[in-house]
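# Breakdown of the fold
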Amino acid sequence: MSSADSGDDISPRVIAAVGRDAPFGLMILMDLPSNDADKIAKFKEVAKIAADGSVQEDGCQMYSFYQDVDVPQRYFLVEKWKSANALLKHFAEPHVVPLLSFLEAEKVASNVRVLAPLGAHLIAPVASAANPLPDLAPDRGNPVSVRVAAKQSEDKPFFLAVFGNVPKSDDSNKDHVANFYEAVKTVSAHTSSEEGCKLFEAYVDVDAPTERIVILESWRDVDAIKTHVAKPYMQPWRDALGAAKVKAGFNVGIPLY
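Source: prediction; values computed, not measured.

### Description of the confidence of the model for the chain
Here the chain averages 93 in pLDDT, and 97% of its residues register 70 or above. Here helix α1 (residues 7-18) is the element of the chain with the lowest mean pLDDT, 85, and strand β2 (residues 60-68) is the one with the highest, 98. Confidence drops under pLDDT 50 across residues 1-5; counting only partners more than four residues distant or on other chains, this segment forms 19 contacts.

Okay, structure coming up:
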């Protein structure tokens, strides 16, 4: 799409997929058209105004901006909401106006992913021609910890979004696909209790709920994720991922401010 969505664009997609009262997430990928220092500073300013106000709203569970460590002009906003009704109220709040005005004025390209918790009831998939399913991030050749350490000190927090393409389930692989989803639930339960894990939640993209899984992760620091990948329950997860032939891409972000 050519510019950022307004609430009038996002809210109907959420309501059509999960209804008005169910919790959901949003991940908005934004590509700034310029690396001009003044415009980046202005973006950070209006983003912080929006974030500081939004997290005070009743119904907002997360509203955080990150800069992609691999694509310098790419940013993403991760949101969690108790309901679509809460989101509808959000777009009328004055602290959101400077951000929306900036995105519109600068013609910031964005792609909005509407996310439903894994296992949640979906009313219907909601394909959006303006927000096509993005390609998986390419394999960068380095572990997440190395990519983060190249951009900031290892003792700072960072965010990871894992996008997985799940093959269509049929007679030849249905058991592997089913085992994969069970493995996601198991690793989520274990990981959420790790000391250095601030967030580890599994979602499906409502545009392709049986084809695209999304895991949102937030980590205290690089040591925390190094400890995580060495946990004994990670090997069954990796085995299930391979057996189901799930292809994954990793979007890694550092806090914007």
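### Describing helix α7 (residues 222-229)
Side chains that are three or four residues apart share a direction in an α-helix, a result of its 3.6 residues per turn. Where α7 is concerned, the buried positions are Val222, Ala224, Ile225 and His228. What you see down the axis of α7 is that its buried residues fit within an arc of 160°, all on one side. Its buried side turned inward, α7 meets α5 (144-149), β5 (158-165), α6 (174-191), β6 (197-205), β7 (212-219) and α8 (234-243). For α7, the capping residue at the N-terminal end is aspartate 221, with a side-chain oxygen 3.4 Å from the backbone nitrogen of aspartate 223.

### Some words on the sheet that holds strand β4 (residues 109-117)
Pairing is antiparallel around the closed barrel formed by eight strands, whose spatial order is β1-β3-β2-β8-β5-β7-β6-β4. Ignoring strand direction, the axes of neighbouring strands in this sheet form an average angle of 30°. Sheet analysis places β2 next to strand β3 (residues 74-81), joined by seven bridges and oriented antiparallel. In the sheet register, methionine 62 faces β3, and the bridge partner there is lysine 80.

### A closer look at the layout of surface pockets
Reported here for the largest pocket is a volume of approximately 590 Å³. Of all the secondary-structure elements, those providing two or more residues to the lining of the largest pocket are α5, β5, α6, β7, α7, α8 and β8 (247-255). Residue lining of the second largest pocket: 22 residues in total, with Leu29, Asp31, Arg74, Pro134 and Asp135 positioned closest to the centre. Listing elements by their share of the lining of the second largest pocket, those giving two or more residues are β1 (24-31), β4 and β8. Tallied by class, residues from the lining of the second largest pocket come to twelve nonpolar, three polar and seven charged.

Cut-offs and rules
Residues numbered from 1 in each chain as written. Predicted model: local features only at pLDDT ≥ 70, side-chain atom pairs only at ≥ 80, totals over all residues. Heavy atoms only, no water. pLDDT = per-residue confidence, 0-100. Helix = DSSP H or I, 4+ residues; strand = E, 2+ residues; numbered from the N terminus. Contact = heavy atoms within 4.5 Å. Buried < 20%, exposed > 50% of the residue type's maximum accessible area, 1.4 Å probe, protein only. Arc of directions from axis to C-beta. Polar contact = N/O pair within 3.5 Å; in protein donor to acceptor, adjacent residues only side chain to side chain. Pairing = 2+ DSSP bridges. Axes fitted to C-alpha atoms, helices over the stretch in contact; angles between N-to-C directions. 1 Å grid on protein atoms, 1.4 Å probe; cavity = no way out; pocket = protein on both sides within 12 Å on 5 of 7 lines; lining within 4 Å. Points joined across faces, edges and corners; volume = space filled by probe spheres on them. Nonpolar A, V, L, I, M, F, W, Y, C, P; charged D, E, K, R; others polar.

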